[in-house]
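# Structure assessment
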Amino acid sequence: MQIIINPVKDKWPGIIKRPAISHDSLQEIVEQIVNDVKQNGDEAVKKYNLKFDGVEQGSIQVSEQEFLEADYLVSDELKKAIVMARGNIEKFHMAQFEETRKIETSPGVFCWRKSVPISKVGLYIPGGTAPLFSTLLMLGIPAMMAGCNIINVCTPPGKDGKINPVILFVAKMLGLKSVYKTGGVQAIAAMAYGTSSIPAVYKIFGPGNQFVTAAKQRVSMDGIAIDMPAGPSEIAIYADATADPSFVASDLLSQAEHGADSQVLLVASSREIIEKVQAQVSFQVKNLSRKEIISQSLQNSRFIVMEGIEDAFELLNAYAPEHLVIASQDAEQLADKVVNAGSVFLGHYAPESAGDYASGTNHTLPTNGFANTYSGVSLDSFMKKITFQQLTREGLTGLSVAIQAMAEAEGLDAHARSVSIRLTQ
């Protein structure tokens, strides 16, 4: 784990670069699978499920019997934990509803904006080595609250051909009945273009690996909306002399265990802090079940000493992390320096895992530097905004001079006439 001391700015781009596989080979593979699913539907989906997940399938859709069986396989303790998390997530997202307000911009001219749910959405829930049932809470809850009519869920099956029972428990609890046993690029393509089993949707949500992210970006070229380019997970931590090295190490490890392509970044105010954190990482990792994955992920890690606070946060903003932990007793004040981040965790008792599961904020966040332009998923993500305007005759009269002058200046006389014809009759 290399330590970098006060790097000069021209070195920053190399330091904050994310790990990636060959872009050309990635795009080629994704394009082939997307086109195959587009042309051959369920047949192609099943082919790639067999190729990548080793599962030979009959029906792709989860049956009612599978939902019932799953319910018995989830412990009461876990069910209670999920219900608690659901409550907090619902509270936070409920507060995001906006009232429709009519604004009188001029006498007799009324304008307003109305939130309308996106009628057809698809939720991608990662499976594989860590079936993320928590992601279904984060996507399913706001989708249901928004009032989306069709909510399709795609998630990869295990080697036994079944979906993780906790994912099915959460789906049933939320009232999500359309769950499909497929993952990867083929799932994104199926939701984008539709198959005989999986209806097409207007917008696709959910994180995934670089293949899933590339597939989402590919289908967006055909007019399918996506939430954001959410790829491999990442965390950045700022730690000063008040930080507890064991806490910092635990946050780094919690993110590193997501996958071999995850990345962790530590920016500390002194070398001493970093060395203490490194010692804790080495100590704690020994007892973790996913230590091999963590070991690979840590090869992408960066440990940086930035003695100046302003430089430290300038570097962190340039990195634009998915998750940012500020491990300092002055975290609330330092938070004002953050302009690029998906979700921020303030102080010594706000671990990143709180946001992952139960604090109430949404954990579907922009990665790979996209936090400089994208927000995380919210209730608004499942809505579209329609604007309305209503004018009385007096209202139009008041605007008529401005409208006609502007229309004529642009050479659009029909625009001008649409006003004058109303006021001369």
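This next bit is on the sheet that holds strand β13 (residues 343–346). The sheet built from 6 strands is open, its strands ordered β1-β11-β10-β9-β12-β13 with parallel pairing. In this open sheet, the two edge strands, each paired with only one partner strand, are β1 (3–5) and β13. Neighbour-to-neighbour, the strand axes of the sheet open up by a mean angle of 15°, direction not taken into account. Pairing geometry for strand β9 (residues 234–239) and strand β12 (residues 323–327), over 5 bridges, is parallel. Note that in β12 the partner of A236 across the bridge is L324. Against the sheet, helix α10 (residues 271–285) engages β1, β9, β10 (263–268) and β11 (302–305), with an angle of about 155° to β11. The strands touched by helix α12 (residues 309–319) within the sheet are β9, β10, β11 and β12, with β9 carrying the most contacts at an inclination of about 175°.

Bringing the nonpolar core into the picture now. Core analysis: the largest hydrophobic core is formed by 41 residues, its most contacted members being V121, L123, L136 and F382. Elements that contribute at least two residues to this core include exactly α3 (64–72), α4 (76–94), β4 (120–124), α5 (133–146), β5 (150–155) and α6 (165–174). Element by element, the count of residues in this core is highest for α5, at 9 residues. Residues in contact with L123, not counting those within four places in the same chain, are L136, L139, G140, I151, N152, V153, C154, L176, M191, F205 and F382. With 28 residues, the next largest nonpolar core counts I33, Y48, Y180 and I224 among its residues.

Parameters and conventions
Residues numbered from 1 in each chain as written. Predicted model: local features only at pLDDT ≥ 70, side-chain atom pairs only at ≥ 80, totals over all residues. Heavy atoms only, no water. Pairing = 2+ DSSP bridges. Helix = DSSP H or I, 4+ residues; strand = E, 2+ residues; numbered from the N terminus. Axes fitted to C-alpha atoms, helices over the stretch in contact; angles between N-to-C directions. Contact = heavy atoms within 4.5 Å. Core = buried A, V, L, I, M, F, W, Y, C linked by side-chain atoms within 4.5 Å. Buried < 20%, exposed > 50% of the residue type's maximum accessible area, 1.4 Å probe, protein only.

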